[in-house]
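These are the residues of each chain, in order.
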Amino acid sequence: MNVLLILPISFLMDIFINKFKIDIFAYIKILFEKIRNVLSEKVYKENKILEFIFGSLISILIVGAVFLISFNLINLFYRIHFLFGLIVELILFYNILEIRKSLEFGSSIYGILQYNNFDKARKLLNENLKIDTEDMEEETIIKRTIEYSTITSAENSIYLLILFIIGGIPICFLYKTISTLSKNETAIDENTDKKLFEIFAVKICFLINIILSLCAFLFYSISALFLKCRFKNSFAILKKDGKDSKAILECAIAGSLDIELGVDYFKDGELYERTNVGDYMEELNYKLIEKVNKILLMGNISSLCVSILIKLILMLLSSILFIN
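Residues numbered from 1 in each chain as written. Predicted model: local features only at pLDDT ≥ 70, side-chain atom pairs only at ≥ 80, totals over all residues. Heavy atoms only, no water.

Asker: Let's hear about the packing of helix H8 (residues 199-226) against helix H10 (residues 245-257): which residues, and what values?
Answerer: Following both chains from N to C, one finds H8 and H10 inclined at 10 degrees, their axes separated by 8 Å at the closest point. Considering their axes alone, H8 and H10 lie roughly parallel with respect to each other. Where H8 approaches H10, its residues Asn209, Ile210, Ser213, Leu214, Ala216, Phe217, Tyr220, Ser221 and Ala224 are matched on the opposing element by Ser245, Ile248, Leu249, Cys251, Ala252 and Ser256. Taken together, the residues that form the contact of H8 with H10 break down as 10 nonpolar, five polar and no charged. (Axes fitted to C-alpha atoms, helices over the stretch in contact; angles between N-to-C directions. Helix = DSSP H or I, 4+ residues; strand = E, 2+ residues; numbered from the N terminus. Parallel < 35°, antiparallel > 145°, perpendicular 65-115°, else oblique. Contact = heavy atoms within 4.5 Å. Nonpolar A, V, L, I, M, F, W, Y, C, P; charged D, E, K, R; others polar.)

Structure representation (C-alpha cells):
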C-alpha cells in the first residue's frame, strides 16, 4: 500500500516543488575517491591485480553498507509507526527522483537556441555534460541536448520507479550507489576506459542498466505512439544500433523522430569515439528538443502508471493466494 502512495506523491512533488534536495551520493563519491587515493599511494601503488581486488572489495563494502543502513532505517521507522515509515520513505524517494531536471535542461537549451545564442548554449552544455563545447555547431548542440536529456530522464527517474516497485528505497539506494561508484550516472558514453579500482562497479552498473534501459525504451516508444511519432521505427533502430544501455535509450528517440544521434566528442582535449544511433532522415533543428521533452515526460508518466498497475496486480494476486 505504501508504494501506491509514495510513487504518485513523490512524482508530483518533484514536478512542482523540486527544491529541497540533498545529494547524499556526492558524499559517497567523495569517500570512495579518498579511499582510492589513500590505497593507491600506500598499498597497491602500480600493482594492477591489487588495485582490482581492493577496488572490488571497497565497492562491495560501500554498496552493502548503504543497502543495509537504508533497509534497517526504513524498517525502524515503520516499526515505530506506519505513518513515520511512509513519510521517511517518501522523503528519501523524492530526494533521489529527478524527473524535472532533464526537462528543464532541454527547455533551457531550446529557449537559448531560439535567439541563436550559441555561446550560452555551449556554456550550459559544458556545465552539465563536462565535455569540451568550444566551437560546437548548432546541430551538435541539439544532438548533445537530446542525448543528455534522454539518458538522464531514464537513469534518474524511470529506472528508479521500476526499482522502487521491486524493493523500495533500499534497492533504489543500492542502484544509485553502484551508479555513483562507477561514475557512470550522467556520462554520455559508458564505454570509456576506467581505472581497475572502479571496474567492478562499472561492470555491475552496465549489466543493470542494460535491463532497465530496455524497459525505459518501451516506455519511450509507448510515448512516441501516443504522440503520433514513428514508434515502430524505434524497434528497427534498436536492432541495428542498440549496443549499450545509453544507445538503447537513444534508439527510442532517434527512431521515432527519424533523426541521427551520436557523434565523437572531446573531453579535456581527448577524443572519445561514439557510434551513430538512428538514420539521418530529418534535419536537426532546435524545435525537436520540444518534441523530445514531450516524449520524455510522457515516458515518465507511462512508467509511473505501469508501475502502479503492476503493484496493484501483485497485491491482488497475493490477496487471492492468501485467501486460498
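Asker: An account of the environment of Leu50 is requested, with residue identities and associated values reported.
Answerer: With respect to the helices, strands and loops of the structure, Leu50 is situated in helix H3 (residues 48-80). C-alpha of Leu50 to C-alpha of Cys215: the two residues are 165 residues apart in sequence and 37 Å apart in space.

Asker: Could you give an account of the environment of Ser102, naming the residues involved and the relevant values?
Answerer: Along the chain, Ser102 falls in helix H5 (residues 100-114). Judged by its relative accessible area of 1%, Ser102 is buried. C-alpha of Ser102 to C-alpha of Thr152: the two residues are 50 residues apart in sequence and 6.2 Å apart in space. Ignoring sequence-local partners within four residues, the contact set of Ser102 consists of Ser149, Thr152, Ser153 and Asn293. (Buried < 20%, exposed > 50% of the residue type's maximum accessible area, 1.4 Å probe, protein only.)

Asker: Explain unusual backbone geometry residue by residue, including any values.
Answerer: One non-glycine residue, Asn116, lies in positive phi territory at about 55 degrees. The phi torsion at Lys228 lies on the positive side, around 60 degrees, for a residue other than glycine. By the secondary structure assignment, Lys228 is in the loop between H8 and helix H9 (231-241).

Asker: With reference to specific residues and values, describe the pattern of salt bridges.
Answerer: Under the defined criterion, the tally for this structure stands at 10 salt bridges. The shortest N-O distance in the salt bridge between Arg144 and Glu147 comes to 2.4 Å. Taken as a pair, Arg144 and Glu147 lie in helix H7 (residues 138-181) at a separation of three residues, close to a single helical turn. The buried category is assigned to Arg144, whose relative accessible area is 0%. Residues Glu155 and Lys246 are paired through a salt bridge, measuring 2.7 Å at the closest nitrogen-oxygen approach. In this pair, Glu155 sits in helix H7 while Lys246 sits in helix H10, placing the two residues 91 residues apart along the sequence. Residue classification places Lys246 among the buried positions, given a relative accessible area of 0%. Through salt bridges with shared partners, one network takes in Lys240, Asp241 and Asp279. (Salt bridge = Lys/Arg side-chain N within 4 Å of Asp/Glu carboxyl O.)

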